[in-house]
Amino acid sequence: MKYLHLVWAALFRRKTRTVFTLLSVLAAFLLFGLLDSVRSAFAAAGQSVAGVDRLVTVSKISFIVSLPKSLYGRIQLVPGVRQLTYANWFGGIYQDPKNFFANEAIAGNFLDLYPEWQLPDDERKAFRNTRTGAIVGRSLADKYHWKLGDKIPLQATIFPQKGGSNTWTFDIVGIYRVTNPKLKAQEEALFFNWDYFDEARQFGTGTVGWYILKVADPAQADRIAAAVDALSVNSDHETKTQTEQAFRVAFVSQFADIGLIVGAIMGAVFFTLVLLTGNTMAQAVRERISEIAILKTIGFSNHSVLGLVLAESVLLLLLGGAVGLAVAGVVVEAVRTAMGPAIPMAPVGGATWVRGAALMLGIGLVVGAVPASRGMRLRIVDALANR
Amino acid sequence: MRHWLVKIGNAAAAAVIIIAALGILALSPWWLLILLLAGLAAWLAGTRPGRQAWSVARVGVATIPQRLPSSSVVVFGIAGVVGVLVALLAMGAGFEATLKQSGSDDTVIVMRGGAQTELNSVLDHDTAVVISQAQQIKKNDHGDPIASAELVVVASLPKKSNGLDANVEIRGVGDRAWDVRPNVRIIDGRRFTPGLRELIVGKGARGQFASLDVGSTLKLNGQLWTVVGVFDSGDTNNSDVWGDSDIVASTYRRGSSTTSVTVRLTDAAAFDAFKAALASDPRLKVDVKTTRAYYNEQSENLTRLIRILGTTVAAIMAVGAMFGALNTMYAAVAARAREIATLRAIGFRGGPVVVAVLLETMLLAVLGGALGAFVAWALFDNYTASTLGSNFSQVVFAFHVSPALLWNGLKWALAIGFVGGLFPAIRAARQPVTVGLREL
């Protein structure tokens, strides 16, 4: 620590060059922060933090195929199943196909299994008592300026009503919140009563999209899943039961291998960054050969010189990287407030900072290694004689 | 005070020049750049300052090997930017091309009103029959209308890459499907036999999913299906698995309903009449789109997303690389300060020196751009990937590194080189001769 002044002075010996290099480092870590935010968002979509005790039962053929409602009574009897509910994808469109958000018909007890969604008691009661009632997430309500009492028409894409009409109108009776920031994206949805849906739809009456099971003991999840699937084995509606988390991971991975794309980009970025800062450090040491020789002459050991140069390159990376990540944090926040939580970007949090800091340290040591060892091995006589 | 005003004025002038130059570069077609290049060559060869610039540039280029590590920073930095840009844009271009090739103006897809995608749509048997009786539909050699009623469903199968379940589109088809899509050819095995539980798989689907090779069996709802052939259509149908529509319908308990009817019109101009005929029929409530419009809509969102993403990532990387180039060229100019001062002392003007340094940087930048574009092409041209399409199933597509993309990458390289070289060049030209001569 006592040499910080010396390292600092050496770093800013040539201001222009150091500032340009810092800006390059900044750009690299800005990109790292942004991409890591996207990657984390996709990873978080695959993990439902609050839902370790929930299982999802869907048709084994694929989750678009519906299951008979008669399974309800039989699944409920499987030992270890504490609560059971069901839902159906609706896929309605609000005004324009571009305004995509999830909308589903849910059974009366659905919200009991999702304690992470907070809905005031009176609104919950209103939802239960209003046949055409719907609840929406706070973010979604803000996005379209909906408030309690509004009537929202959705255009059906899959389920026309019995008369052939495609327009379903719902009354907003509740607005729920999700306080866990990692699950904020779940506020982008609209839910309405399954009973109304089942009664009014043209076809498919008596079937449900998927079942959600709450199990008493998550450690028993595998056994329970196998027992549920055994109920329908060899029937014409075989099921596949898995944890909500496994279901989400599989679904998200269908979009793209985000990890691979982000990894490949960051590989290219950091490869060029190593070259760039490595060149700067090499130049910096080359220019200072005689200074280093003087340091050694007045008693600095070989290892102190090694440490000084390494500290300089690590400091360079830490300075640029920290500012870059901070800028990334600001940009991500700005994008999230502008576009809402639907944009797949997680806030730049502690985990990203830890990964970023490890990268800064690692790259700092790598690019400092060659110049530092050159400084260490320097012979005073040769260096002072400019040989 | 005046000192500051001059500085601000200089900075503003530089910004205007840079923005103008980048704008010209970004918007200009290739022939304009060729023209500029020809003009530059003529200036270098034909005029006195041009010849001066040429000789200074030659010395600069000749000394690049002595400054190899720092010069390679420019090359590799720009190669990284161009490589990432080209690879990302090639992903978007490949997806777009796959979907766009699938559509044409004389084939039309009919779905239930409001359905948006085939998967959402349901048409009962009577509706499908009424649609196929429209007069504007072309007849095949046997005199039957070329109208294919198809049933699109999805099945969940493990992917080769990670073993996780993903959706594959299963398309139940009849005889007419081959007439509507004459580009579909069997490349391995044979066609499925109507009435049997046999499947043929698209080339793309076979590549992405485990257990879709000829001869393998898969279980759908407790029934065993055999894969008997592989087909190649060159478009998005390559992501499909095809089977007999009646048998697929019975497996998925769809009765006699289908999801869409695709027809071939007598010619593209008949579309309006066809659409009007269906709209005026009180028995029908359907949406009618040319397949070109249908597939264009599907590719729009993702393609735009990738374009924004690719440009943003490349722009941030470009800023980083630009500072790298600035560092390198400042160092190069500093190392040659004495030589440049000598040239100026014996009568070379500032302009040729600026041009020479710029030429040297742009040369390094073009090398880097070409390297990055080449690596992106070598690694990613025809690289296959898949994503979730609008039918809730995997759409397989190949990255497409087109000449236009390579050219685009090269333009970025030139832009980075221009900005990275301009300021060092100006410094070289403006340094007082006396100071330069004293430099060690």
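Let's talk about the overall build of chain B
Thought 1: Helix and strand content of chain B: 14 helices and 12 strands.
Thought 2: By the compact-globule yardstick of 22 Å for 440 residues, chain B is too spread out, its C-alpha radius of gyration being 31 Å.
Thought 3: With the C-alpha coordinates of chain B rotated into their principal frame, the extents come out at 95 × 45 × 45 Å.
Thought 4: Counting across all 440 residues of chain B, residues that qualify as buried make up 49%.
Thought 5: The contacts in chain B between residues at least 6 apart in sequence include a share of 84% that link residues at least 24 apart.

A short note on the overall build of chain A
Thought 1: Looking only at helices and strands, chain A has 13 helices and 12 strands in total.
Thought 2: Computed over its C-alpha atoms, the radius of gyration of chain A comes to 30 Å, more than 25% above the 21 Å expected for a compact globule of 387 residues.
Thought 3: With respect to the principal axes defined by its C-alpha atoms, chain A has extents near 95 × 45 × 35 Å.
Thought 4: Taken across its 387 residues, chain A has 41% of its residues classed as buried.

Side note on the domain arrangement of chain A
Thought 1: Looking at the assigned domains, one finds that chain A contains domain 1 (4–46 + 256–384) and domain 2 (61–237).
Thought 2: Taking only C-alpha atoms, the centre of domain 1 of chain A and the centre of domain 2 of chain A are 48 Å apart.

Considering the interface of chain B and chain A
Thought 1: Listed by partner, the interface residues are 44 residues for chain B and 41 residues for chain A.
Thought 2: For the side of chain B that touches chain A, the secondary structure elements donating two or more residues are α4 (68–102), β2 (147–158), β3 (165–173), α10 (291–335) and β11 (384–388) of chain B.
Thought 3: Counting residues per element, the side of chain B that touches chain A draws most heavily on α10 of chain B, which supplies 12 residues.
Thought 4: Of the residues belonging to the side of chain B that touches chain A, the class tally is 23 nonpolar, 18 polar and 3 charged.

Looking at the domain arrangement of chain B
Residues and elements named next belong to chain B.
Thought 1: You can read the domains of chain B as domain 1 (35–100 + 299–438) and domain 2 (107–266).
Thought 2: Distance between the C-alpha centres of domain 1 and domain 2: 48 Å.
Thought 3: Listed by partner, the interface residues are 11 residues for domain 1 and 17 residues for domain 2.
Thought 4: Of all the elements in the fold, those that place two or more residues in the side of domain 1 that touches domain 2 are α4, β11 and β12 (394–398).
Thought 5: No other element matches the 3 residues that β12 contributes to the side of domain 1 that touches domain 2.
Thought 6: When grouped by side-chain class, the residues that make up the side of domain 1 that touches domain 2 number 4 nonpolar, 7 polar and no charged.

Quick word on the confidence of the model for chain B
Thought 1: Confidence in the prediction of chain B, expressed as mean pLDDT, is 88, and 99% of residues score 70 or more.
Thought 2: Reported confidences for the modelled complex are a pTM of 0.85 and an ipTM of 0.83.

Things to note about the packing of helix α9 (residues 258–287) of chain A against helix α12 (residues 350–377) of chain A
Residues and elements named next belong to chain A.
Thought 1: Where α9 meets α12, the axes come as close as 9 Å, and the angle between the chain directions of the two elements is 30 degrees. It follows that α9 is roughly parallel to α12 by the angle criterion. When you trace α9 past α12, the crossing you get is right-handed. Contacts between α9 and α12 involve F270, L273, V274, T277, G278, M281, A282 and V285 from the former and I363, V366, V367, G368, V370, P371, R374 and G375 from the latter.
Thought 2: Looking at side-chain class alone, the contact of α9 with α12 contains 11 nonpolar, 4 polar and 1 charged residues.

Regarding the packing of helix α2 (residues 15–45) of chain A against α10 of chain B
Thought 1: It is the contact of α2 of chain A with α10 of chain B, at a shortest axis distance of 9 Å, that shows an interaxial angle of 160 degrees. Between α2 of chain A and α10 of chain B, the interaxial angle falls into the category roughly antiparallel. Pair α2 of chain A / α10 of chain B crosses with left-handed handedness. On α10 of chain B, the residues that touch T16, R17, F20, T21, L23, S24, A27, A28, L30 and L31 of chain A of α2 of chain A are V313, I316, M317, V319, G320, F323, G324, L326, N327 and Y330 of chain B.
Thought 2: Grouping the constituent residues of the contact of α2 of chain A with α10 of chain B by class yields 13 nonpolar, 6 polar and 1 charged.

Digging into unusual backbone geometry
Residues and elements named next belong to chain B.
Thought 1: The backbone of S211 sits at a positive phi, close to 65 degrees, despite the residue not being glycine.
Thought 2: Following the sequence through the fold, S211 ends up in the loop between α7 (203–208) and β6 (217–220).
Thought 3: Residue classification places S211 among the exposed residues on the basis of 12 C-beta atoms within 10 Å.
Thought 4: With a phi angle near 60 degrees, F392 is a residue other than glycine that sits in the positive phi range.
Thought 5: If you trace the backbone, F392 turns up in the loop between β11 and β12.

Some remarks on the nonpolar core
General note: in soluble globular proteins, nonpolar side chains tend to be found buried as a group.
Thought 1: If you look at the biggest cluster of nonpolar residues, it comprises 235 residues, and the most contacted ones within it are L31 of chain A together with V81, V86, A90, M317 and I416 of chain B.
Thought 2: Ignoring any residue separated from it by four or fewer positions in sequence, one finds I416 of chain B in contact with I78, V81, A318, A321, M322, A325 and A365 of chain B.

Scoring rules and cut-offs
- Residues numbered from 1 in each chain as written.
- Chains lettered and ligands numbered in written order.
- Predicted model: local features only at pLDDT ≥ 70, side-chain atom pairs only at ≥ 80, totals over all residues.
- Helix = DSSP H or I, 4+ residues; strand = E, 2+ residues; numbered from the N terminus.
- Rg over C-alpha atoms; globule rule 2.2 N^0.38 Å.
- Buried ≥ 20, exposed ≤ 12 C-beta atoms within 10 Å, placed from the backbone.
- Contact = placed C-beta atoms within 7 Å.
- Domains from an automatic or database assignment.
- Nonpolar A, V, L, I, M, F, W, Y, C, P; charged D, E, K, R; others polar.
- pLDDT = per-residue confidence, 0-100.
- Axes fitted to C-alpha atoms, helices over the stretch in contact; angles between N-to-C directions.
- Parallel < 35°, antiparallel > 145°, perpendicular 65-115°, else oblique.
- Left-handed = near helix turned anticlockwise from the far one by under 90°.
- Core = buried A, V, L, I, M, F, W, Y, C linked by C-beta atoms within 7 Å.

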